[in-house]
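Here's the letter readout for the chains.
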Amino acid sequence: MTIKTGRFFSSLAWAIALCVIYIPRSSAQKYNFTRFGIENGLNQSQAVKITQDSRSYIWISTFDGINLYDGKNFTTLPNEPGSSANFSTTVYAAKDSSMWIGNFNHISRYYKGHYKSYYVKDGKPGWVYKLTVDGNGSVWATANAYLYKLKNDKLERVTITAPTDTIIGMAVNNHGVFYASVYKKGIYYFESGQWHSANINTGPNKSDMIRGIAFDPSDDSKMYLASDVRLYQVKNGVMTPFLTAYLKGDNFHIFSLLAEKGSLWIGSSKGAYLWRNNQIEHFTEQNGFTNYSVLDIYRDKDGNVWLGSDGDGVYKYDEDGFLIYDQSSGLTGPVMAIDKDRQGNTRIGTLGSGSFIINGNGQAKRYLTPSDAAFNKTVYAIYTDSKGITWLGNDRRGLWKKSTTRYEQIWPAT
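Remember, it's a predicted structure, so these values are computed and weren't measured experimentally. Counting of residues starts from 1 at the beginning of each chain's written sequence and follows it residue by residue. Whole-chain, interface and lining totals are the exception, using all residues; otherwise, since this is a predicted model, local features are given only for residues with pLDDT of at least 70 and side-chain atom pairs are given and counted only at 80 or more. Side-chain descriptors were evaluated using all non-hydrogen atoms of the structure, hydrogens and water having been removed beforehand.

Chemist: Explain the pattern of salt bridges residue by residue, including any values.
Modeler: Every case where a carboxyl oxygen of Asp or Glu lies within 4 Å of a side-chain nitrogen of Lys or Arg is listed as a salt bridge. Enumeration over the complete set of coordinates arrives at 13 salt bridges. For Asp96, the salt bridge is made with Arg109, and the minimal N-O distance between the two is 3.2 Å. Note that Asp96 is positioned in the loop between strand 6 (90-93) and strand 7 (99-103) and Arg109 in strand 8 (residues 106-111), a separation of 13 residues in sequence. Remark: exposure states derive from per-residue accessible area (1.4 Å probe, protein chains only) relative to the maximum for the residue type, with buried under 20%, exposed over 50%, and partly exposed in between. Take Asp96: its relative accessible area is 39%, and that puts it in the partly exposed class. In this structure, Lys121 and Glu156 form a salt bridge, with 3.7 Å as the shortest nitrogen-oxygen distance. Of this pair, Lys121 sits in the loop between strand 9 (114-119) and strand 10 (128-133) while Glu156 sits in strand 13 (residues 154-158), and the two are 35 residues apart along the sequence. Helix numbering and strand numbering both begin at the N terminus, where a helix is a DSSP run of H or I of at least 4 residues and a strand a DSSP run of E of at least 2.

Chemist: Can you lay out the pairing of strand 9 for me, pointing to particular residues and giving the numbers?
Modeler: Along a regular strand, successive side chains alternate from one face of the sheet to the other. Two strands form a pair only when DSSP identifies at least two bridges running between them. Of the pairings in the sheet, the one linking strand 8 to strand 9 comprises six bridges and is antiparallel in character. Considered in strand 9, the bridge of Ile107 is made with Tyr118. Hairpin connection between strand 8 and strand 9: a loop of two residues separates the two successive antiparallel strands, and Lys112 in this loop has a positive phi of roughly 55 degrees.

Chemist: Can you tell me about the packing of aromatic side chains, naming the residues and giving the values?
Modeler: Aromatic rings from Phe, Tyr and Trp, with only the six-membered ring used for Trp, were paired whenever their centres fell within 6.5 Å, and each pair was classed as stacked if the ring planes differed by under 30 degrees, edge-to-face if by over 60, and tilted otherwise. Evaluated as defined, the whole model comprises 29 aromatic pairs. With a centroid separation of 5.4 Å and 75 degrees between ring planes, the pair formed by Phe33 and Phe283 is classed as edge-to-face. Placement of the pair is Phe33 in strand 1 (residues 33-36) and Phe283 in strand 25 (residues 279-283), with a sequence separation of 250 residues. Accessibility assignment for this pair places Phe33 and Phe283 in one class, buried. Aromatic side chains Trp100 and Tyr118 sit 5.6 Å apart centroid to centroid with 40 degrees between the ring planes, which places their arrangement in the tilted category. In this pair, Trp100 sits in strand 7 while Tyr118 sits in strand 9, placing the two residues 18 residues apart along the sequence. The exposure classification of Trp100 matches that of Tyr118, with both residues buried. Grouping aromatic residues by their ring pairs yields a cluster made of Tyr31, Phe33, Trp265, Phe283, Phe289, Tyr315 and Tyr317. Each ring is checked for a lysine NZ or an arginine CZ that lies within 6 Å of its centre and within 35 degrees of its normal; such an atom marks a charge sitting over the ring. Cation over ring: Arg109 sits above Tyr111, and NZ or CZ is 4.7 Å from the ring centre. Taking NZ or CZ as reference, Arg157 lies 3.5 Å from the ring centre of Tyr146, over its face.

Chemist: With reference to specific residues and values, describe the nonpolar core.
Modeler: Remark: nonpolar core denotes a set of buried residues (Ala, Val, Leu, Ile, Met, Phe, Trp, Tyr, Cys) joined through side-chain atoms within 4.5 Å. Counting residues in hydrophobic clusters, the biggest one holds 16 residues, and the most contacted among them are Leu231 and Ile266. Counting only elements with at least two residues in this core, the list comes to strand 19 (222-226), strand 22 (254-260), strand 23 (263-268) and strand 24 (271-276). Other than its neighbours up to four places away in sequence, Ile266 contacts Leu231, Leu243, Leu247, Ile254, Ser256, Leu257, Gly271, Ala272, Tyr273 and Ile297. Every residue pair with non-hydrogen atoms within 4.5 Å of one another is taken to be in contact.

Chemist: Could you give me a rundown of unusual backbone geometry, with the residues and numbers involved?
Modeler: Positive phi, normally seen in glycine, also occurs at Lys184, with a value near 70 degrees. With respect to the secondary-structure elements, Lys184 resides in the loop between strand 15 (178-182) and strand 16 (186-191). Positive phi values are uncommon outside glycine, yet Asn277 reaches one of about 50 degrees. Along the polypeptide, Asn277 turns up in the loop between strand 24 and strand 25.

Chemist: So what's going on with the pairing of strand 22? Residues and values would help.
Modeler: Judged by how many residues are buried, strand 22 sits mostly within the fold: six of seven residues are covered. As judged from the six bridges shared by strand 22 and strand 23, these two strands associate in the antiparallel manner. Counterpart to Ala259 in the pairing with strand 23 is Leu264. Counted between consecutive antiparallel strands, the loop separating strand 22 from strand 23 contains two residues, among which Gly262 sits at a positive phi close to 70 degrees.

Chemist: An account of the sheet that holds strand 28 (residues 314-317) is needed here, citing residue identities and associated values.
Modeler: One open sheet holds the four strands; their spatial order is 1-28-27-26, and the pairing between them is antiparallel. The open sheet has two edge strands, strand 1 and strand 26 (294-299), and neither has a second partner. Ignoring strand direction, the axes of neighbouring strands in this sheet form an average angle of 20 degrees. Summarising the sheet, strand 26 and strand 27 (residues 305-309) pair through five bridges and their orientation is antiparallel. Along strand 27, the bridge assignment pairs Asp296 with Gly308. To obtain an axis, a line is fitted to C-alpha atoms, over the contacting stretch when the element is a helix, and the angle between two such axes runs from 0 to 180 degrees between their N-to-C directions.

Chemist: Got a sec to walk through the sheet that holds strand 5 (residues 74-76)? Specific residues and values, please.
Modeler: In spatial order, the strands read 2-3-4-5; together these four strands make up an open sheet with antiparallel pairing. Every other strand in the sheet has two partners, leaving strand 2 (47-52) and strand 5 as the edge strands with one partner each. For this sheet the average axis-to-axis angle between neighbouring strands, irrespective of direction, equals 25 degrees. The sheet contact formed by strand 2 and strand 3 (residues 58-62) spans five bridges and is antiparallel. Residue Gln52 lies in a different strand from strand 3, and its bridge partner there is Ile58.

Printed below as a string of structure tokens:
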């Protein structure tokens, strides 16, 4: 029998380098989150909204004003002249390099160091909690569950179906078209100067107040809607509950959505969730994130995901960073060898604890049973060949080959 030894023995070299990496911990696999709090220069720990301007600076709206992050330092935007409060409810970066900021009873445009304010023309005074700019450059905002549009230097009240419409959720789709949700009446969009129904079959879910709207950038027929406690997927005009087995529990609430190509981020009262490849990951304090509510999620131009928390600052997630697997994942013993099979599963050899496989949920499952002679042996090398056969080399027990259900000892022969 001929064995290709190049990769086999390179695994041994890696084993020597990796054996010092593993340190047992009491929490689950760790993701590569970087936290920014007051000690880093953020002026307040409740991050309501995050956006990025044309210079790639990150802007963060907090309960004590707007923070600007240039990649190294935080600075606080000067207060708007005449403003009675520092609290800004939202911030949005427009394509013309101006920043739109939500305040009490008005919005402000900040451009080249100067503010210009636009007040609500009609309606009861209240905080502007959401604002956005559509593909035509029109500015939209919500306050007191009413919809407003910037026109003639005023925020003018907009009626979609009736003056009593309750409107909280709004978003702009992949083509710049503005959408809004009308309580108990459905989703509408504004195009060619007119309102049109999105013709979504809501089934029994029409009574839910939709607060969040997100569009899949790779599929125009797919969108996501979120009420306070439920998430829905809309596919080809049909609205159905989505991820209900995961998004639940006492005092569970949904605060933010970020839809991307084939994936969806969900900010909740119980940390953040990421749905991709038909699997869901839950980010909490146990795996390097936070247990605080996630009020906003934003992906910057460099591919980092920013998550604003309600009291624990801002987190940046680098998906190209490291994952840490430890005892709570089921892994025991220092790591000596790593390989990936043809199915994409990660196989790990350890010092004195045999071999493991990491499944899609990040859990380590031992591949040898106590009846196997190499159960508690050191695995120096793991290699999966071109035929998908996994080979294992360990101390004092030689070479093993993985069969359908277990490893078989190849040399020395038993």
